[in-house]
Amino acid sequence: FLRSCDNAKNPQAVLTHLAKVEDDGQSCVFSDISDRLPDEAKQFLAAMEPEDQTSHSQAASKARSSAYAAMQHWIMEQRAWLFPRDSRCHCLVHGRQCATYPQPPGTMSRLCINTAGNTCWSWSSVGKCERDGHTSEKPFGIWLAERRALGERGDEDMFFQECTRNFPTHDKIRVPLQSSH
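A quick note: this is a predicted structure, and the numbers were derived from the prediction, not measured.

Undergrad: Is there a simple way to think about the pattern of salt bridges in this case?
TA: Proximity of charged atoms lets side chains of opposite charge pair with each other. In the structure shown here, the tally under the stated rule is 11 salt bridges. Taking the shortest distance from any N to any O, the salt bridge between Arg147 and Glu146 comes out at 3.0 Å. Measuring nitrogen to oxygen at the nearest pair gives 2.7 Å for the salt bridge that ties Arg147 to Glu156. Among the residues examined, Arg147 registers a relative accessible area of 0% and is labelled buried. Exposure remark for Glu156: the relative accessible area of 3% places this residue in the buried category. When salt bridges with common partners are traced through the structure, they connect Arg36, Glu146, Arg147 and Glu156 into a single cluster.

Pasting the structure below:
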């Protein structure tokens with residue numbers, strides 16, 4: 001792999017170990033997907049965060065869903081400048097800013113595949129069924145817009161996405177990415 005990303009410490013440790021052992025430290029491991037956004041975008045999204053993150057009332061849940069939908073819409077609309085080819089992000093393997101979207105040698109004949117497993121707690125039967133009102137909607141929106149941006153400019157050919165069977169794949173992934181993948 002050229003790059004990987006996970007916000008949990010144990011997966012980061014495994015990915016960092018693999019990068020160091022399997023390819024002599026050439027691969028990059030990034031932490032939170034939102035780290036790759038420009039500072040201005042992070043600030044704007046922070047201002048859009050729903051105020052009530054804990055209440056399980058129907059009104060609070062609806063307000064969270066609306067806030068995350070607005071975030072996802074903004075991220076998707078701004079995708080061209082949010083995910084530039086020359087962006088850099090802190091790498092856990094190298095301890096410095098590395099290319100977020102490295103171009104492998106021989107890019108004319110390569111196949112670029114993204115594999116992901118977004119947080120699905122809110123869509124699972126074990127979770128609180130918060131669905132669109134869960135905090136995981138923000139990183140999901142970033143992931144989705146990044147897929148579309150990279151697909152539109154020809155930097156990504158396909159992706160595999162893992163989530164619980166209750167996740168509405170058609171509406172949340174297939175439809176938004178049908179023009180890019």
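Undergrad: Got a minute to help me understand the side chain of Arg64 in this structure?
TA: By the element assignment, Arg64 lies in helix H3 (residues 58-77). At 3.1 Å, the side chain of Arg64 and the backbone oxygen of Gly133 are in polar contact. Contacts of Arg64, omitting those with residues within four sequence positions, involve Pro50, Asp52, Gln53, Thr54, Ser55, Glu130, Asp132 and Gly133.

Undergrad: What is the right way to look at the environment of Cys129 in this model?
TA: Tracing the chain through its elements places Cys129 in the loop between strand S5 (113-117) and helix H5 (137-152). For the pair formed by Cys129 and Asn166, sequence separation is 37 residues and the distance between their alpha carbons is 9.7 Å. The contact partners of Cys129, leaving out residues within four places of it in the chain, are Ser122 and Ser124.

Undergrad: Which parts of the structure should I look at to understand the layout of surface pockets?
TA: The gaps left among the atoms become clear once a water-sized probe is rolled over them. As a volume, the largest pocket reaches approximately 1,100 Å³. Lining of the largest pocket is provided by 40 residues; of these, Ser4, Cys5, Asn114, Thr115 and Ala116 occupy positions nearest its centre. Sorting the residues of the lining of the largest pocket by element identifies strand S1 (3-5), S5 and H5 as the ones contributing at least two each. Taken together, the residues that form the lining of the largest pocket break down as 17 nonpolar, 12 polar and 11 charged. Roughly 240 Å³ of volume is contained in the second largest pocket. What lines the second largest pocket is a set of 15 residues, and nearest its centre among them are Ala69, Gln72, Leu144, Lys172 and Pro176. Of all the secondary structure elements, the ones that give two or more residues to the lining of the second largest pocket are H3, H5 and helix H6 (169-177).

Basis of the calculations
- Residues numbered from 1 in each chain as written.
- Predicted model: local features only at pLDDT ≥ 70, side-chain atom pairs only at ≥ 80, totals over all residues.
- Heavy atoms only, no water.
- Salt bridge = Lys/Arg side-chain N within 4 Å of Asp/Glu carboxyl O.
- Buried < 20%, exposed > 50% of the residue type's maximum accessible area, 1.4 Å probe, protein only.
- Helix = DSSP H or I, 4+ residues; strand = E, 2+ residues; numbered from the N terminus.
- Polar contact = N/O pair within 3.5 Å; in protein donor to acceptor, adjacent residues only side chain to side chain.
- Contact = heavy atoms within 4.5 Å.
- 1 Å grid on protein atoms, 1.4 Å probe; cavity = no way out; pocket = protein on both sides within 12 Å on 5 of 7 lines; lining within 4 Å.
- Points joined across faces, edges and corners; volume = space filled by probe spheres on them.
- Nonpolar A, V, L, I, M, F, W, Y, C, P; charged D, E, K, R; others polar.

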